[in-house]
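# Structure at a glance
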Amino acid sequence: QVHLVESGGGLVQAGGSLRLSCTSSGIMFSIADMGWYHQAPGKQRELVASITSGGATNYADSVKGRFAIARDNAKSAVYLQMNSVKPEDTAVYYCYADGRTLGGEDVRSWGQGTQVTVSS
């Protein structure tokens, strides 16, 4: 069973920074593609950033130049550095993993989410 646990959310002022972390277990992390979605109240879940097992990154246009995704295979963790945050970044942020479980099953797994609130 795959477990993803996010941390690092909270309240931050506009223009500030926040770093989200996601630690994983039960998945072959080094060959998994990882990423972050966010979901604001009343809106659909949207992709924020992703990183492949090879380190290639992709960002939503709304966060390019402000957010950075990184991974640490030794710690089975993925991070989202959020800089110059804006009130519209307010949302629940979810970590996801596309990979193979230790039992050999290909799955997409989700964390429980962490709230980010940006005050103006």
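The coordinates are above.
The subject of this paragraph is the pattern of salt bridges. Going through the model one piece at a time under the given rule, you end up with four salt bridges. Put simply, Asp98 and Arg108 hold a salt bridge, and the shortest N to O gap is 2.7 Å. Of the two residues, Asp98 is situated in strand β9 (residues 91-100) and Arg108 in strand β10 (residues 106-110); the sequence distance between them amounts to 10 residues. Under the relative-accessibility criterion, Arg108 is labelled partly exposed at 38%. A salt bridge links Asp106 to Arg100; the shortest N-O distance between them is 2.8 Å.

On to the environment of Cys95. Mapped onto the elements, Cys95 comes out in strand β9. Sequence-wise, Cys95 and Ala70 are 25 residues apart; in three dimensions their C-alpha atoms are separated by 12 Å. Apart from the residues lying within four places of it in its own chain, the contact partners of Cys95 are Leu4, Glu6, Cys22, Met34, Gly35, Trp36, Val78, Ser109, Trp110 and Gly111.

Attention shifts here to the packing of aromatic side chains. Per the stated rule, a full pass over the model turns up three aromatic pairs. With a centroid separation of 5.4 Å and an interplanar angle of 70°, the aromatic rings of Tyr37 and Tyr96 are classed as edge-to-face. On the criterion of sequence distance, the pair formed by Tyr37 in strand β4 (residues 33-39) and Tyr96 in strand β9 is long-range, its members being 59 residues apart. Under the relative-accessibility criterion, Tyr96 is labelled buried at 5%. In textbook terms, an aromatic cluster arises when at least three aromatic residues are bridged by ring pairs, as seen for Tyr37, Tyr96 and Trp110. Between the NZ or CZ atom of Arg19 and the centre of the ring of Tyr79, over which it lies, the distance is 4.1 Å.

In this section: the state of the cysteines. The final tally for this structure, using the stated rule, is one disulfide. Each disulfide pairs two cysteine sulfurs, and for Cys22 the partner residue is Cys95, the sulfurs being separated by 2.1 Å. Around the S-S axis, the bridge from Cys22 to Cys95 shows a dihedral of about -75° and counts as left-handed. Residue Cys22 is located in strand β3 (residues 18-25), and its partner Cys95 is located in strand β9; the two are separated by 73 residues in the primary sequence. Taken as a pair, Cys22 and Cys95 share a single burial class, namely buried.

Definitions and limits used
- Residues numbered from 1 in each chain as written.
- Predicted model: local features only at pLDDT ≥ 70, side-chain atom pairs only at ≥ 80, totals over all residues.
- Heavy atoms only, no water.
- Salt bridge = Lys/Arg side-chain N within 4 Å of Asp/Glu carboxyl O.
- Helix = DSSP H or I, 4+ residues; strand = E, 2+ residues; numbered from the N terminus.
- Buried < 20%, exposed > 50% of the residue type's maximum accessible area, 1.4 Å probe, protein only.
- Contact = heavy atoms within 4.5 Å.
- Phe/Tyr/Trp six-rings, centres within 6.5 Å; stacked < 30°, edge-to-face > 60°.
- Lys NZ or Arg CZ within 6 Å of the ring centre and 35° of its normal.
- Disulfide = S-S within 2.5 Å.

None of the figures reported here should be taken as evidence of function without further support.
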